[in-house]
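Each chain, written out:
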Amino acid sequence: MLWSEFFLFRNFKEAAATGLSQNTYGFFVATRGREGPMLCHLCASSITLYILWNTMAQVSGQEDKEKTTALKDLLSRIDLDELMKKDEPPFTFPKTLEEFEYAFDENGQLRHINTGERFVFNAREDLHRWNQKRYEALGEIITQYVYKLLEEECKLRKEVIPVDASDGEPTSFIYMSTDALTNPSKLLILIQGSGVVRAGQWARRLIINQDLNSGTQIPFIERAIEDGYGVMVLNPNENFFEVEKPAKFSPIPSPTEPTDEPAEKRERKDDKEGKKKKEFYEKYRNPQKETETERIPIRGSSSSEEHVLYVWDHFVSKALAKNVFIVAHSYGGLSFVELMNQREIPVKNKVCAVALTDSSHNIWLQDTSKGTQDWMHQNCQNWVSSPEPLDTPLDSMLPDCPRFSAGTERHELTSWMSFRSIFKFFSEALKAKEDEEQEETSNTVTTRSSSHKNKHQDL
């Protein structure tokens, strides 16, 4: 049959008698000219290509359908959970640095005992979740190691909170120097940011990948004790006590167990479960089931803000120090501003200066008073991440406190990089306060003397 003969059919019924499909007939009709049964060479080529494409699409669709059916059949016979568990190593990690085969050298850097190399995150290729769990396990060991340094090297003591905790009640703690409450002159308070860091740490990442000096608060503690400060190390991220949830027993019905559920509904449920397993497998190559825990909040410390307020009320407010100094990093700055909102007058009376490092506070969102903003402008400085050299004055986006460059663009490094600048700021703030008090005392004595002299003359 010639290609032009397709256009001589008066309707689809005639074309169908020759075996022509409805889609192909429609295509021919659409390409036919208005004036009658004409077909150019170009139209004939187009029709040939169309028929070829249509035939291939039908074959391809049939193959895809067969592949999908085969995949569903395969997935129905494989327990993906069990397969994944076999591929991924178990989440059992060493409990000490020695077992991890790591140690801190004389420069405070974490090194492998045998190779001397830095910590390697990707210990197992293509097993990101396992590597992350290993990193977190090492982080917990680091936390205990820093606690040990605070107690043995810095000679700080642990103080349990809440102070009136009953037996079995979840508790947290802070660290204090022996003279934290009795030092009559100066008290330094350290508040870290949010996250996994605990008392004595600025950033876990720095401790593991850089050194103890940059990642912990130990240099601040040692310098403060050397300069005659009492020291108080807060622990604002210890907010919950976690207990393991009891395992839920869910009996699996036997395949032969009779059920009233319609077969169609069971099929939909099976398809849904199979899809869920497939998505789970694609999201995590080798996931294992983890222990489910329940969080019980610690009274007085269920959040960073609550913790700082509790420590102020039960410890700082009772300290004898005339001059309190605070270093607050990141979210710790927000917690300090919240403290001012709650205890504005006591804070103003007791705190001499506050050093913020890349603080995340916001005086507008936190609804601070005009008096608090003015006090912060006079008594606070914020060293922020910036490419500018250390101590370069920067424009303040909010009318709260002056901002200076910390000499680094890395958020977690801002506290360590501004270490010397912070203590210089504290010394200058204390001297300015003492000079002001001395001037007030001098003026008072002069006024009294003048008043006494005038009285004597009157007599």
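Residues numbered from 1 in each chain as written. Predicted model: local features only at pLDDT ≥ 70, side-chain atom pairs only at ≥ 80, totals over all residues. Heavy atoms only, no water.

Visitor: Explain the overall build of the chain to me, please; I cannot follow it from the model alone.
Guide: Helix and strand counts for the chain stand at 16 helices and 13 strands. Counting the 459 residues in the chain, one finds 38% classified as buried. Across the chain, every contact between residues at least 6 apart in sequence was considered, and the portion connecting residues at least 24 apart equals 70%. Accessible surface for the chain amounts to roughly 27700 Å². Of this, 51% is attributable to carbon and sulfur atoms. (Helix = DSSP H or I, 4+ residues; strand = E, 2+ residues; numbered from the N terminus. Buried < 20%, exposed > 50% of the residue type's maximum accessible area, 1.4 Å probe, protein only. Contact = heavy atoms within 4.5 Å. Areas by Shrake-Rupley, 256 points an atom, 1.4 Å probe, with all protein chains shown as cover.)

Visitor: Sorry if this is basic, but what is going on with the nonpolar core here?
Guide: Most often, soluble globular proteins have nonpolar side chains that are buried together. One finds Leu150, Leu188, Val327 and Phe426 to be the most contacted residues of the largest nonpolar core, which totals 51 residues. Broken down by element, this core gets its largest block of residues, ten residues, from helix α6 (residues 128-152). The residue makeup of this core includes at least three contributed by each of domain 1 (92-153) and domain 2 (156-241 + 298-438). (Core = buried A, V, L, I, M, F, W, Y, C linked by side-chain atoms within 4.5 Å. Domains from an automatic or database assignment.)

Visitor: Would you explain the packing of aromatic side chains in this entry?
Guide: Here the distance between the centres and the angle between the planes together describe a pair of aromatic rings. Considering all chains together, one arrives at 20 aromatic pairs under this definition. Look at Phe325 and Phe426: their rings are 5.0 Å apart centre to centre, the planes differ by 50°, and that puts the pair in the tilted class. You can see Phe325 sitting in strand β9 (residues 323-329) and its partner Phe426 sitting in helix α16 (residues 419-458), a full 101 residues away along the chain. Comparing Phe325 with Phe426, the two get one shared label, buried. Taking 5.4 Å as the distance between ring centres and 65° as the angle between the ring planes, the aromatic pair formed by Phe419 and Phe423 counts as edge-to-face. (Phe/Tyr/Trp six-rings, centres within 6.5 Å; stacked < 30°, edge-to-face > 60°.)

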